[in-house]
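Report on the structure
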Amino acid sequence: MNQPLADITSHDTYVDGVPHETFAYLREHDPVHWTEESDGGRGFWSLTKYDDVLMASRNTDVFSSRLGIRLEDMDEEETEARRTLMEMDAPEHTRLRRLVSRPFAPKSVQGYEDAVRDLAIEVLDALDGERHFDFVRTVARELPMKMLGRLLGLPHDDLEWLVQRGDALIGNTDPDFTDFVVDQVDTSAYRLLPFRSPVAAELFEYAAIALEERRLSPTNDILSALLEPTSDGESLDDKALKNFFTLMVAAGNDTTRYSMTGGLLALIERPHILEAIPTMSLEQRKMLVDEMLRYTTVTMHFRRTVVQDLDLRGKTLHAGDKVVMWFTSANFDEEHFAQPFSFQPERSPNDHVAFGLHSPHLCLGAHLARLEMRVLFEEIARRWSHVELAGETERLRSNFISGVKRLPLEVTWR
Ligand code: HEM
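Below, the structure is looked at part by part.

Rules and cut-offs
Residues numbered from 1 in each chain as written. Predicted model: local features only at pLDDT ≥ 70, side-chain atom pairs only at ≥ 80, totals over all residues. Helix = DSSP H or I, 4+ residues; strand = E, 2+ residues; numbered from the N terminus. Contact = placed C-beta atoms within 7 Å. Near = placed C-beta within 6 Å. Nonpolar A, V, L, I, M, F, W, Y, C, P; charged D, E, K, R; others polar. Expected span 1.5 Å × (residues − 1). Buried ≥ 20, exposed ≤ 12 C-beta atoms within 10 Å, placed from the backbone. Pairing = 2+ DSSP bridges. Axes fitted to C-alpha atoms, helices over the stretch in contact; angles between N-to-C directions. Core = buried A, V, L, I, M, F, W, Y, C linked by C-beta atoms within 7 Å.

One can find Leu 99 in helix H4 (residues 92–100). Each C-alpha atom, one on Leu 99 and one on Glu 269, is 42 Å from the other, the two residues being 170 residues apart in sequence. What Leu 99 contacts, discounting residues up to four positions off in sequence, is Thr 230, Glu 234 and Leu 236.

And the structure:
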């Protein structure tokens, strides 16, 4: 390789795009790569091959989530205070996941299709035939926000405020989304809050009020459902409820938004696919969405910590070492996917790891996100005969979420 390797830990690196050349180099020459952290962290092992990422995400006895799932090093007090479903191992994780999973199961999500379609139509109709607009702000940000609001039974007027809070958490490394940029200002006062952000406290407060209202008078939404004990009498305590609420606002919005945006970018470069959507079978439209998810891989990594020594591809990983599963590299592993850099709507099988895979931590919102993307692109294809870029795109400053945060379009309506 002629060029030096990109610093894959630096948030700034990703402003110019995912450094795919560096990941390709690592996959070929040093697939289990000791990675120094530019911000003074203690370093970690980067897993860049599909098989290794899959092995680590499945093998939760050795690759633990309890000590953190982001690169950031946290002391015991921080880890404990900020623990959500994501930072748990079995049996604690199994129990909580069982308590929250019903509204996100495939059967439940099937029942949301009409609501998603109504919202997608509402969002697209609100454009009122406008030819020039930013897709992220007016479409991709709106649909997941409205759908989450619907599922949680939250008033429409609160949604903008909530999503701004979610953005500040997930975008805690981008000055566009927060004044508390973690690697640029002193956030030590907030070290016990999710994402090291004071915004999490505002979300906790909001959640406490919403939950109290439902305790007094139950409604027909996910929050009321979470208050109900299960058939074996188990229920969530207050801390778990507030943490889960915050997790949904943070995990359910930006990820879906940026996957939609990445999906549209792929279609802009391949107009024949947009044209073909109305004639595709349901199965083909689902496959198209999965290829968008693989190609975009919005959640670029999650971290684990090894709890016992193990050898992997000639390297010894010691108990306590941080290990990062680079989903964004695994999804382009040429040993697993034929021509990974080519966008192939009918790729089959397409066992990508954009949601994690075969792991107890597999994205809880995967079915919902897939549904929202499919319905949105069906409705877009009905309305837009042509779409092209009308200016510069801008990317999120983050080594965690790969996202285009501004996508100016010129659209020709049917
Ligand atoms: C396209 C959109 C999305 C992407 C790319 C995505 C990606 C992911 C990934 C990679 C994981 C972790 C998997 C692992 O650790 O192995 C995850 C977990 C999770 N996601 Fe998503 N997600 C998306 C949408 C959503 C939505 C819409 C929701 C909820 C409304 C959601 C809620 C969660 C939760 C609660 C977890 C933690 C699950 C656990 O630890 O058991 N996600 N997501």
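This is not the end of the story, as more comes after the structure.
So, on to the site of the ligand. Around the ligand there are 26 residues in total, and Gly 252, Thr 255, Gly 356, Cys 363 and Gly 365 lie nearest to it. Broken down by element, the residue count for the shell around the ligand peaks at seven residues, all from helix H12 (residues 238–268). Partitioning the shell around the ligand into residue classes produces 15 nonpolar, ten polar and one charged.

What follows covers helix H9 (residues 159–170). Under the 1.5 Å per step criterion, the end-to-end length of H9 is 16 Å for twelve residues, consistent within 8% with the ideal 16 Å. What H9 keeps buried is the set Leu 162, Val 163, Arg 165, Gly 166, Asp 167, Ala 168, Leu 169 and Ile 170. Buried residues along H9 sit in contact with helix H8 (142–152), helix H10 (199–216) and H12.

Moving on, we come to unusual backbone geometry. Note the cis peptide between Ala 90 and Pro 91, where omega equals 5°. In this fold, Pro 91 is placed in the loop between helix H3 (76–81) and H4. In this chain, Ser 348 is followed by Pro 349 through a cis amide linkage whose omega measures -5°. Tracing the chain through its elements places Pro 349 in the loop between helix H15 (327–330) and helix H16 (366–383). For Thr 297, which is not glycine, the phi torsion reads 30° and is therefore positive. Residue placement: Thr 297 occurs in the loop between helix H14 (282–296) and strand S5 (301–306). Although it is not a glycine, His 358 sits at a positive phi angle of roughly 45°. The residue His 358 is located in the loop between H15 and H16 in this model. Classification of His 358 as exposed rests on a count of 11 C-beta atoms within 10 Å.

To continue, consider the sheet that holds strand S4 (residues 132–134). Read from one edge to the other, the open sheet built from three strands follows the order S4-S12-S9, with strand pairing classed as antiparallel. Strand pairing shows two members of the sheet lacking a second neighbour, S4 and strand S9 (384–389), which therefore form its edges. Recorded for the sheet is a direction-independent mean angle of 35° between the axes of neighbouring strands. As paired elements, S4 and strand S12 (residues 408–413) share three bridges and run antiparallel to each other. The residue bridging His 132 from the neighbouring strand is Glu 410, located in S12.

Leu 47, Val 53, Val 323, Met 325, Trp 326, Phe 327 and Leu 376 are the most contacted members of the largest nonpolar core, which has 97 residues in total. No other element matches the eleven residues that H12 contributes to this core. Residue contacts for Leu 376: discarding those within four places in its chain leaves Ala 120, Leu 143 and Met 260.

This brings us to the sheet that holds strand S2 (residues 44–47). Strand order in this open sheet of five strands is S1-S2-S8-S5-S3, and the pairing throughout is mixed. Two strands bound the open sheet, and with one partner strand each, they are strand S1 (32–35) and strand S3 (63–64). Here S1 pairs with S2 via four bridges, running antiparallel. Within S2, the residue paired with His 33 across the bridge is Ser 46. Across the sheet, helix H2 (residues 50–58) lies against S1, S2, S3, S5 and strand S8 (322–326), angled at about 125° from S8, the strand it touches most.

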